[in-house]
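Given next are the chains, with one letter for each unit.
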Amino acid sequence: MENAQVWIDKGIGMAMEYGPKVLMAILIYIIGSWVIKKLIGVTRKGMTKQDYDESLQKFLLSLVKWALTIFLIITVISTLGVETTSFAAVIAAAGLAIGLALQGSLSNFAGGVLLIIFKPYKIGDLIEAQGVLGNVKEIEIFTTKLITPENKLAIVPNGAMANGNIVNYTAEGKIRVDTTVGVAYDSDLQKTKDVLLAMLKANPLVLQDPAPSVNVSELADSSVNLAVRPFCKPEDFWDVYFATIEGTKKALDTAGIEIPYPHEVQINK
């Protein structure tokens, strides 16, 4: 009986010593979990309202949730009276080792976050960056995927995208199509300009505001070069580009305006 009483007394003593701590730890965990859930919900709504990329939303929310959960667990363990200094040191050391091992990936991740926040481009935009021209297909956590005019998939690291020059051809909603045509020196320049302007204005894909223009750009060795400059919507760029080249040739032929052969072209007679 004495041994049983001793164990009962020890049990009561431990319950009185650790009971409040356990109850407090449980209470902290329950409240902390509820707070984390609410914070994640608010963060998700904020990201959705700001049109953050869905893949980045999931990654960031997961990252925030795990970080807050680890902090909560450390707090609960500390409430139970367990020394957490060494535990935190181990986590910090592991985090440093992982960070060094994934330095390049982390740079790309940070670049992806910056791209989503500052939005230099969005899905569907026609951009030129890192020597690649194409339409943005996806903005992922570590990379940006572009579809080139040749319908090739180009994958560019976000770290390089965020730290390099980016030309966004879509951002302003209008883009200029630059082509050049050379005519003979004895051509009537005013007639040539009128013919080319009429050709441009007849194309329904060419915008009238800003108005298309045709101007002398160079007095070359064997031709007078004219800059043919129509504007169009970014999604119509290639259609207008090819139509302008073909239309220029047809319009000048119909008007009897000569397009000289370049010097390097040899005509066999």
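- In the nomenclature of an unreviewed UniProt entry, the chain is known as Small conductance mechanosensitive channel of Maribacter aquivivus.
- We quote the UniProt Subcellular location (unreviewed entry) comment for the chain here in full: "Cell membrane".

## Section: the packing of aromatic side chains
How two aromatic rings sit relative to each other is set out by the distance from centre to centre and by the angle between their planes.
Next up, step 1: If you walk through the whole model with that rule in mind, you get five aromatic pairs.
Next up, step 2: Among the aromatic side chains, those forming a connected cluster through ring pairs are F237, W238, Y241 and F242.

## Digging into the nonpolar core
Next up, step 1: Membership of the largest hydrophobic core comes to 13 residues, with the highest contact counts inside it found for V181, V183, L196, V214, V228 and L252.
Next up, step 2: Within the residue set of this core, elements represented by two or more residues are β7 (179–183), α6 (189–201), β9 (224–229) and α7 (237–255).
Next up, step 3: Looking at this core, the element that brings in the most residues is α6, giving four residues.
Next up, step 4: What V228 contacts, discounting residues up to four positions off in sequence, is V177, D178, T179, V181, L196, L200, S213, V214 and T244.

## Remarks on α6
Next up, step 1: Between its terminal C-alpha atoms α6 stretches 18 Å, which fits the 18 Å expected from 13 residues at 1.5 Å a residue.
Next up, step 2: Residues of α6 that are buried include every one of T192, V195, L196, M199 and L200, and no others. Projection of α6 onto a plane perpendicular to its axis shows the buried side chains occupying an angular sector of 135°, all on one side.
Next up, step 3: The elements touched by buried residues of α6 are β7, β8 (213–219), β9 and α7.
Next up, step 4: The backbone nitrogen of Q190 lies 3.1 Å from a side-chain oxygen of the residue at the head of α6, namely D188.

## Considering α7
Next up, step 1: Across its 19 residues, α7 extends 26 Å between first and last C-alpha, which sits within 8% of the 27 Å expected from 1.5 Å per residue.
Next up, step 2: Buried within α7 are the following residues: F237, V240, T244, G247, T248, A251 and L252.
Next up, step 3: Tucked inside the fold, the buried residues of α7 contact β6 (175–176), β7, α6, β9 and β10 (231–232).
Next up, step 4: Phi turns positive, to about 75°, at G256, one or two residues after α7.

Definitions and limits used
- Residues numbered from 1 in each chain as written.
- Predicted model: local features only at pLDDT ≥ 70, side-chain atom pairs only at ≥ 80, totals over all residues.
- Heavy atoms only, no water.
- UniProt positions renumbered as here; feature names shortened; annotations may be inferred.
- Phe/Tyr/Trp six-rings, centres within 6.5 Å; stacked < 30°, edge-to-face > 60°.
- Core = buried A, V, L, I, M, F, W, Y, C linked by side-chain atoms within 4.5 Å.
- Buried < 20%, exposed > 50% of the residue type's maximum accessible area, 1.4 Å probe, protein only.
- Helix = DSSP H or I, 4+ residues; strand = E, 2+ residues; numbered from the N terminus.
- Contact = heavy atoms within 4.5 Å.
- Expected span 1.5 Å × (residues − 1).
- Arc of directions from axis to C-beta.
- Polar contact = N/O pair within 3.5 Å; in protein donor to acceptor, adjacent residues only side chain to side chain.

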